[in-house]
Protein chains: 4
Amino acid sequence: MIKPELKAALDVIFAADSEIYANRGFMRRIGFGKRPALIHIDLANAWTQQGYPFTCNDMDTIIPAVQDLNKVGRTKGIPVAYTTTAFAVTEGPNSDMGLWNLKIPSEALKLGSEAVAIDERIAPLPGEQVIVKKRASAFHGTYLAGFLRAHDVDTVILTGVTMAGCVRHTAEDAIAEGFRPIVVREAVGDRVPGVVEWNLFDIDAKFGDVVSLETTLAYLNGL
Amino acid sequence: MIKPELKAALDVIFAADSEIYANRGFMRRIGFGKRPALIHIDLANAWTQQGYPFTCNDMDTIIPAVQDLNKVGRTKGIPVAYTTTAFAVTEGPNSDMGLWNLKIPSEALKLGSEAVAIDERIAPLPGEQVIVKKRASAFHGTYLAGFLRAHDVDTVILTGVTMAGCVRHTAEDAIAEGFRPIVVREAVGDRVPGVVEWNLFDIDAKFGDVVSLETTLAYLNGL
Amino acid sequence: MIKPELKAALDVIFAADSEIYANRGFMRRIGFGKRPALIHIDLANAWTQQGYPFTCNDMDTIIPAVQDLNKVGRTKGIPVAYTTTAFAVTEGPNSDMGLWNLKIPSEALKLGSEAVAIDERIAPLPGEQVIVKKRASAFHGTYLAGFLRAHDVDTVILTGVTMAGCVRHTAEDAIAEGFRPIVVREAVGDRVPGVVEWNLFDIDAKFGDVVSLETTLAYLNGL
Amino acid sequence: MIKPELKAALDVIFAADSEIYANRGFMRRIGFGKRPALIHIDLANAWTQQGYPFTCNDMDTIIPAVQDLNKVGRTKGIPVAYTTTAFAVTEGPNSDMGLWNLKIPSEALKLGSEAVAIDERIAPLPGEQVIVKKRASAFHGTYLAGFLRAHDVDTVILTGVTMAGCVRHTAEDAIAEGFRPIVVREAVGDRVPGVVEWNLFDIDAKFGDVVSLETTLAYLNGL
């Protein structure tokens, strides 16, 4: 959805930056490990459907990509986990909003509402985890790291939204925690132009590999 | 519930240990801070009612103590938060049991069941947090630390069960995270003899203050 | 250091994005709190001096800005903490590199070397913390959160490098942990064109306030 | 060092408790995993040598046990990591003592001093990690979890001191993080009577397996 001339300008920057990074030893490949998990970030209605402050773009690409990943991932018996962001209390001494509400309209994300339920087109199967988080990262203030380590997972395949927020922070935390972050190019998005491109660029330079859906499916099929 | 002669033997040990600790500069008082929160650990039916693997003792003392604390705490507008321990999936690649089930019967703690609901005698008011945790500590894999810091809390007043498990681990984590742990003597318990005594002893020596209900209520009333 | 025509293209994107964000309730101001700390991210020689893979730009602006902040911060008695990133062991079963070395040239950051020592132009005073971290975020795998809470800090004023890496991840973690992130515009940088601009944009939209040096100094002076 | 009649009293309690625990499904065996690490907790001079507030007992048993474990562990190429607890600054706005100093004499643990150096009888080899922690748990505010995951470790074999403090908290955190805690009976200790016994009892009931040195060595030799 970014205008071609602006995308072209970004590509000029990315090319210049990539040359510097490559000369200095950045942009290495982390690669897939042996035991992956699929982690779908915030693909709930408030992000996937129209009409919310959090509504994102490109769902006609993202949703089918997630469906494809789930299909093979479930066949292979790997963990498939979802996150959503939701708050029980928006005011007073028991609010669980933390400070984030001072930056973003998180008051729209009521725990238990339709808004924060996973989009039914990619609904979790009974027995798959839906981790309710309060912060951007899927790891922050959740049991995700312990869950993954207990299942002997070494690689997290990330999808969802947003690239400028929750997906990026999750990728950064994943490598810090000791998991290989793989971001599936066709399965991630955002709500404003440009931020998908530059956040994928930053992640691929430093935190995890940005990989095509095709490559990811081939990897999963080969497990 | 511990037999008098065994309690007497423990008291002999505690006295000897206390002398060594005091001589060496342990057993200092951490004291109450300025902005407390009440944190009630695992006072759900599986722990407070008869007939569960997790059933604890002394609820005729613990429940009224918690009621007293809540009454004044709510008047003062401090955060009042509960925890429960519950699991959505007990088998397969999406189990959220982690490794703990290899030690304890956590398979009995089904998410959404009556067992893991807070005891209705001390039911949370609408708008009070019930934090679902997967591990012993109320801080581990939860948003508790960020929640407390965002509310400017510096002191956590702890009640609940069990002393040998979740309350102790929570107290240890609390001081590590930068919160003053206060354990209310009459408001904590366990399911086997002796463990309340020795865990309170260890905590009071090193991690937080063990304080009477009366003193805690006086502090809260004075806010 | 970004070419004017590319900066202009970025500004077009930022303007379009800002309109969407503002219409949806993002880009709110978090503001300064009451008890700040200064956190200087990775202003060690490997980043501030020429000739390293990690060398960054704009030190003629960043270093004086940090000097100015330190001068008033120290007068006011607030915590002043530095981070550096350094590794003791680069190979074998005891390597502390984690997985990050699979993306970036962290093998150049030897613990105890001149490279990872804080730039002497902004050297810590005796008694100021230099936190050695292994990951991007100053919070990840460090005692920073507990340190700040124990000092009753509610606001972290961030400087240093890099915007696309450690400063951004630190800002994201800060708000998640319950601290107000303030990023000082003149005091942060990076090594490739564009990334300062877009990461400041993302942070200001969602995670913390990007504030001028002048405003920050005025706030500190008013404490 | 506990008097026989008090040990006998504890054993009576342990027997009664064990019966209740066993009837309820506690005290399960977690077992060894496939990829262990040796983690030696706070075996620095302040704990292993005479004359410090932190001095512990039973070093004539603990030190040889650790030597035996290291010998085989190093042969097998598993991670061998040490912790120590040390503080750079004891007063003012930059103190890294946190709140713990309000309970224990941590002012005696100066960073860089002989007190906090690992006992030379079990000195780390060049290239083995010595993790400086500020809190009781080896996981809290350190890079240990990420370090272990990046090395694909699933089991932590714990030694050191103290059972009522750092070893216990580390075991609790280990299982929460997704690592199997194994505590080596002959390789752990404390400074006051009784606390080794009751903390081993609690851990074995709920958090990890307490195993003999002989069994642990046999496991390591079989890798």
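See the structure printed just above.
The rules behind these values
Residues numbered from 1 in each chain as written. Chains lettered and ligands numbered in written order. Predicted model: local features only at pLDDT ≥ 70, side-chain atom pairs only at ≥ 80, totals over all residues. Heavy atoms only, no water. Helix = DSSP H or I, 4+ residues; strand = E, 2+ residues; numbered from the N terminus. Rg over C-alpha atoms; globule rule 2.2 N^0.38 Å. Buried < 20%, exposed > 50% of the residue type's maximum accessible area, 1.4 Å probe, protein only. Least-squares fit on C-alpha atoms with pLDDT ≥ 70 in both. Pairing = 2+ DSSP bridges. Phe/Tyr/Trp six-rings, centres within 6.5 Å; stacked < 30°, edge-to-face > 60°. Lys NZ or Arg CZ within 6 Å of the ring centre and 35° of its normal. Contact = heavy atoms within 4.5 Å. Buried area = accessible area lost by both parts, 1.4 Å probe. Salt bridge = Lys/Arg side-chain N within 4 Å of Asp/Glu carboxyl O. Polar contact = N/O pair within 3.5 Å; in protein donor to acceptor, adjacent residues only side chain to side chain. Core = buried A, V, L, I, M, F, W, Y, C linked by side-chain atoms within 4.5 Å. Right-handed = clockwise from strand over helix to strand, strands pointing away. Axes fitted to C-alpha atoms, helices over the stretch in contact; angles between N-to-C directions. Arc of directions from axis to C-beta. Disulfide = S-S within 2.5 Å.

K.L.:
Any details on the overall build of chain A? Residues and values, ideally.
P.N.:
When you go through chain A residue by residue, the secondary structure sums to 7 helices and 6 strands. Each helix and strand of chain A, ordered N terminal to C terminal, gives the series α-β-α-α-β-β-α-β-α-β-α-β-α. Against the 2.2 N^0.38 benchmark of 17 Å for 223 residues, chain A shows a C-alpha radius of gyration of 17 Å, consistent with a compact globule. Considering only C-alpha atoms, chain A reaches an extent of 50 × 40 × 30 Å along its principal axes. Across the 223 residues in chain A, those meeting the buried criterion constitute 65%.

K.L.:
Quick one: what's the story with the relation of the copies chain C and chain A, residue by residue and with numbers?
P.N.:
The operation relating chain C to chain A is a screw motion whose rotation component is 180 degrees, with 0.0 Å of axial translation and a residual RMSD of 0.0 Å. Accordingly, the operation relating the two chain copies is best matched by a two-fold axis. Considering only C-alpha atoms, the part of chain C nearest the rotation axis is Ala9(C), at 3.2 Å.

K.L.:
Mind laying out the pairing of strand 2 (residues 80-85) of chain A, listing which residues take part and the relevant values?
P.N.:
Residues and elements named next belong to chain A. Of all 6 residues making up strand 2, 6 are buried, and the element is well covered by its neighbours. On strand 2, burial covers both faces: Val80, Tyr82 and Thr84 on one face and Ala81, Thr83 and Thr85 on the other are all buried. Note: strand 1 (residues 36-41) against strand 2, 3 bridges, orientation parallel. Residue Leu38 lies in a different strand from strand 2, and its bridge partner there is Val80. In this sheet, strand 3 (residues 129-133) lies alongside strand 2 in parallel orientation, the contact comprising 5 bridges. Note that in strand 3 the partner of Thr84 across the bridge is Val132.

K.L.:
So what about the packing of aromatic side chains? Which residues, and what values?
P.N.:
Scanning the model with the defined rule gives 42 aromatic pairs over all chains in all. With centroids separated by 5.3 Å and ring planes inclined at 45 degrees, the aromatic side chains of Tyr21(C) and Phe26(C) adopt a geometry described as tilted. Like Phe26(C), Tyr21(C) is buried. The lysine or arginine in question, Lys134(A), covers the ring of Tyr143(B), its NZ or CZ lying 4.8 Å from the ring centre.

K.L.:
Mind laying out the interface of chain C and chain B, listing which residues take part and the relevant values?
P.N.:
Listed as interface residues are 12 residues of chain C and, on the opposing side, 10 residues of chain B. Interface of chain C and chain B: buried area, both sides summed, is about 680 Å²; carbon and sulfur atoms make up 42% of it. Its largest share of buried area at the contact with chain B, chain C owes to Arg149(C), Asp152(C) and Gly178(C), together 59% of the area lost on that side. The shortest N-O distance in the salt bridge between Arg35(C) and Asp152(B) comes to 3.1 Å. On inspection of chain C and its partner chain B, the count reaches 4 residue pairs in polar contact (both at pLDDT 80 or more). At the level of elements, helix 4 (144-150) and helix 5 (166-177) of chain C are the ones that each hand at least two residues to the side of chain C that touches chain B. The element best represented in the side of chain C that touches chain B is helix 4 of chain C, accounting for 4 residues.

K.L.:
Could you give an account of the interface of chain C and chain A, naming the residues involved and the relevant values?
P.N.:
Of the residues lining the interface, 62 residues belong to chain C; the matching set on chain A comes to 62 residues. Each partner contributes to the roughly 5000 Å² buried at the junction of chain C and chain A, and carbon and sulfur atoms together form 60% of this total. The interface formed by chain C and chain A holds 4 salt bridges in total. A salt bridge links Asp209(C) to Lys103(A); its shortest N-O distance comes to 2.8 Å.

K.L.:
Tell me about the side chain of Ser106(D), and please be specific about residues and values.
P.N.:
Mapped onto the fold, Ser106(D) is located in the loop between strand 2 (80-85) and strand 3 (129-133). Discounting chain neighbours no more than four positions away, the residues touching Ser106(D) are Phe54(D), Phe87(D), Met97(D), Trp100(D) and Asn101(D).

K.L.:
Give a description of the nonpolar core that names residues and reports values.
P.N.:
With 166 residues, the main nonpolar core has Leu148(A), Trp198(A), Leu148(C) and Trp198(C) as its most contacted residues. With near-sequence residues (within four places) excluded, Trp198(A) lies in contact with Leu10(A), Phe14(A), Pro193(A), Leu10(C), Ile13(C), Phe14(C), Asp17(C), Trp198(C), Phe201(C) and Asp202(C). Ranked by size, the runner-up nonpolar core spans 165 residues in total, among them Ala9(B), Ala44(B), Ala86(B) and Phe207(B).

K.L.:
Could you give me a rundown of the pairing of strand 5 (residues 180-189) of chain D, with the residues and numbers involved?
P.N.:
Residue and element names in this part refer to chain D. Across the 10 residues of strand 5, 7 count as buried, placing the element largely inside the fold. With 6 bridges connecting them, strand 4 (residues 155-161) and strand 5 associate as parallel partners. When the bridges of strand 5 are listed, Ile157 appears paired with Ile182. A crossover connection joins strand 4 to the parallel strand 5 through helix 5 (residues 166-177); in handedness this β-α-β unit is right-handed. In this structure, strand 5 lies alongside strand 6 (residues 209-211), joined through 3 bridges in parallel fashion.

K.L.:
Give a detailed account of unusual backbone geometry, specifying residues and quantitative values.
P.N.:
Cis rather than trans, the peptide bond between Val161(A) and Thr162(A) has omega equal to -10 degrees. Backbone geometry at Met27(C) places phi at a positive 65 degrees, although glycine is not the residue there. Note that Met27(C) resides in the loop between helix 1 (4-24) and strand 1 (36-41). Notably, Asp152(C) is not glycine yet its phi reads approximately 65 degrees, a positive angle. You can see Asp152(C) is positioned in the loop between helix 4 and strand 4 (155-161). We classify Asp152(C) as partly exposed; its relative accessible area is 22%.

K.L.:
How would you explain the sheet that holds strand 1 of chain C if you had to name every residue and give the values?
P.N.:
Residues and elements named next belong to chain C. With parallel pairing, 6 strands are arranged side by side in an open sheet as 3-2-1-4-5-6. Of all the strands in the sheet, just strand 3 (129-133) and strand 6 (209-211) have a single pairing partner and so form its edges. Taking the axes of each pair of neighbouring strands and ignoring which way they run, one obtains an average angle of 25 degrees across the sheet. Each of strand 1, strand 3, strand 4 and strand 5 (180-189) is contacted by helix 5, which is oriented at about 170 degrees to strand 4, the strand it contacts most.

K.L.:
Which residues make up the side chain of Thr155(B), and what values do they have?
P.N.:
Of note, Thr155(B) is situated in strand 4 (residues 155-161). The residues touching Thr155(B), leaving out its near neighbours within four places in the chain, are Phe32(B), Gly33(B), Lys34(B), Arg35(B), Pro36(B), Ala37(B), Arg180(B) and Ile182(B).

K.L.:
Quick one: what's the story with helix 7 (residues 213-221) of chain C, residue by residue and with numbers?
P.N.:
Residues and elements named next belong to chain C. For helix 7, the complete set of buried residues consists of Leu213, Thr216, Leu217, Tyr219 and Leu220. Buried residues of helix 7, viewed axially, fall in a sector of 160 degrees; they line one side. Residues Glu214 and Ala218 are exposed on helix 7 and point more than 90 degrees away from its buried face.

K.L.:
Please provide a residue-by-residue account of the sheet that holds strand 6 (residues 209-211) of chain A, values included.
P.N.:
Residues and elements named next belong to chain A. One open sheet accounts for 6 strands, arranged 3-2-1-4-5-6; its pairing is parallel. In this open sheet, the two strands that pair with only one neighbour each are strand 3 and strand 6. Adjacent strand axes in the sheet meet at a mean angle of 25 degrees when their direction is disregarded. Contacting strand 5 (180-189) and strand 6, helix 6 (residues 195-206) runs over the sheet at an angle of about 165 degrees to strand 5.

K.L.:
Give me the state of the cysteines: which residues, what numbers.
P.N.:
By definition, a disulfide links two cysteine residues through a covalent bond between their sulfur atoms. Residue and element names in this part refer to chain B. A full pass over the atoms with the stated rule returns 0 disulfides over all chains. Cys56 provides the cysteine sulfur closest to Cys166, a residue in no disulfide bond, and the two sulfurs are 9.3 Å apart. Residue class for Cys166 comes out buried when judged on its relative accessible area of 7%.

K.L.:
Give a description of the environment of Trp47(D) that names residues and reports values.
P.N.:
Residues and elements named next belong to chain D. Here Trp47 is to be found in helix 2 (residues 45-48). On the basis of relative accessibility, which here comes to 3%, the residue Trp47 falls in the buried class. Beyond its immediate stretch of four places on either side in the chain, Trp47 contacts Asp42, Phe54, Thr55, Cys56, Met59, Thr84, Thr85, Leu109, Ala115, Val161, Thr162 and Arg191.

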